[in-house]
Amino acid sequence: GQGSAADEPQPGKTLSGLLIAKLSNSRDLQELAQVLEQHKTALGPVHISAAISRAARLHPGLLALRQPPPWQQQQQTQQQWQQQQLQGLLSLLLRRFVAQLPQASFVVVSCVVGGLARMGCYNAPSDLIDACLDVTRHALGEADVSNKELLQLGWGLARMGRQPDSSWLKAFEAATRDR
């Protein structure tokens, strides 16, 4: 029999790029979790970022939703199940992300922070946010950091109600003012 064309390596695409595409094209949280499980030994910061970004696009605001009234029991059950599934997925991803954070680029960190905020994950662990601030503090002045990444990072932190320390804010202000 013939294999699917999607399963064949495509010229010019790296294995990492193919994994990012698989994560980014997941149809739902279950498929996303399956792809992550299949490739758990190959996951780097960029893959974790792609997974969090995809989950945020699949379920924006899900973690911030209040429970529906009792008369919408069916919807409540499904929403609670999706929230639990997403929280379980994030728990695994964020633990791994914190461990790999020193290798993460500014783009990856801004995507993770923005994705968490889009999902309504306003109670992200403080050690994660502090580590993200530390990693990005040094990269704020670099020329290759785009306005989009700065905006996504700043918006994500603000949306989650996180206020960086004054030295980070000064570096952020300088990076945005000089553009």
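Please read these numbers as outputs of a predicted model, since none were measured by experiment.

(A) Up close: the overall build of the protein chain. For the protein chain, the count of helices and strands is 8 helices and 0 strands. Sequence-distant contacts, at least 24 apart, represent 73% of the contacts inside the protein chain between residues at least 6 apart. Per element, the accessible surface of the protein chain, about 10300 Å² overall, is 53% carbon and sulfur.

(B) Representation of helix H3 (residues 45-58) within the structure. For H3, which comprises 14 residues, the first-to-last C-alpha distance of 20 Å matches the rise-based estimate of 20 Å (1.5 Å per residue) to within 8%. For H3, the tally of buried residues reaches 11 of 14 residues, placing the bulk of the element in the interior. Within the span of H3, buried status applies to Pro 45, His 47, Ile 48, Ser 49, Ala 50, Ala 51, Ile 52, Ser 53, Arg 54, Ala 55 and Ala 56.

(C) Highlighting the nonpolar core. Formed by 48 residues in total, the largest nonpolar core has its most connected members in Ile 52, Leu 90, Phe 97, Leu 116 and Met 119. Top element by residues in this core is helix H5 (residues 106-119). It accounts for 8 residues. Residues in contact with Met 119, not counting those within four places in the same chain, are Ile 52, Ala 55, Ala 56, His 59, Gly 61, Leu 62, Leu 63, Ala 64, Leu 86 and Leu 90.

(D) Here's a closer look at the side chain of Gln 82. For Gln 82, the position within the fold is in helix H4 (residues 73-100). With a relative accessible area of 18%, Gln 82 lands in the buried category.

(E) View of the environment of Leu 29. With respect to the secondary-structure elements, Leu 29 resides in helix H2 (residues 29-38). Residues Leu 29 and Gln 85, 56 residues apart in the sequence, show an inter-C-alpha distance of 7.4 Å. When residues no more than four places from it in sequence are discounted, the contact partners of Leu 29 are Ala 55, Leu 58, His 59, Gln 82, Gln 85, Leu 86 and Leu 89.

(F) A look at the packing of aromatic side chains. This structure, assessed with the given rule, holds 1 aromatic pair. Measuring from ring centre to ring centre gives 5.1 Å for Trp 168 and Phe 172, while their planes differ by 15°; the resulting arrangement is stacked. Here Trp 168 and its partner Phe 172 are both found in helix H8 (residues 166-177), 4 residues apart, which amounts to about one turn of the helix. Like Phe 172, Trp 168 is buried.

(G) Structural detail: the pattern of salt bridges. All chains considered together, the criterion is met by 5 salt bridges. Notably, a salt bridge pairs Glu 31 with Arg 27, separated by 3.2 Å at the nearest N-O pair. Here Asp 134 ties to Arg 137 by a salt bridge, and the two come within 3.5 Å at their closest N and O atoms. Separated by 3 residues within a single helix, Asp 134 and Arg 137 lie in helix H6 (residues 126-139), roughly one turn from each other. By relative accessible area, which is 42% here, Asp 134 ends up partly exposed. Salt bridges here are not isolated pairs; linked through shared partners, they connect Asp 134, Arg 137 and Asp 165.

(H) Quick peek at the environment of Lys 148. Residue position: Lys 148 is located in helix H7 (residues 147-159). For Lys 148 and Ser 110, which are 38 residues apart along the polypeptide, the C-alpha to C-alpha distance reads 9.1 Å.

(I) Summary view of H7. Counted at 1.5 Å a residue, the expected span for H7 with its 13 residues is 18 Å, and the 18 Å between its end C-alpha atoms agrees. Here H7 has its buried residues at Glu 149, Leu 150, Gln 152, Leu 153, Gly 156 and Leu 157. Taken end-on, H7 shows its buried residues confined to a sector of 165°, consistent with a single buried face. The exposed residues of H7 that point more than 90 degrees off its buried face are Lys 148, Leu 151 and Ala 158. Residues of H7 that are buried make contact with H5, H6 and H8. Once H7 ends, the next one or two residues include Gly 161, with phi positive near 75°.

Conventions used here
Residues numbered from 1 in each chain as written. Predicted model: local features only at pLDDT ≥ 70, side-chain atom pairs only at ≥ 80, totals over all residues. Heavy atoms only, no water. Helix = DSSP H or I, 4+ residues; strand = E, 2+ residues; numbered from the N terminus. Contact = heavy atoms within 4.5 Å. Areas by Shrake-Rupley, 256 points an atom, 1.4 Å probe, with all protein chains shown as cover. Expected span 1.5 Å × (residues − 1). Buried < 20%, exposed > 50% of the residue type's maximum accessible area, 1.4 Å probe, protein only. Core = buried A, V, L, I, M, F, W, Y, C linked by side-chain atoms within 4.5 Å. Phe/Tyr/Trp six-rings, centres within 6.5 Å; stacked < 30°, edge-to-face > 60°. Salt bridge = Lys/Arg side-chain N within 4 Å of Asp/Glu carboxyl O. Arc of directions from axis to C-beta.

The values are spatial; any link to function lies outside them.
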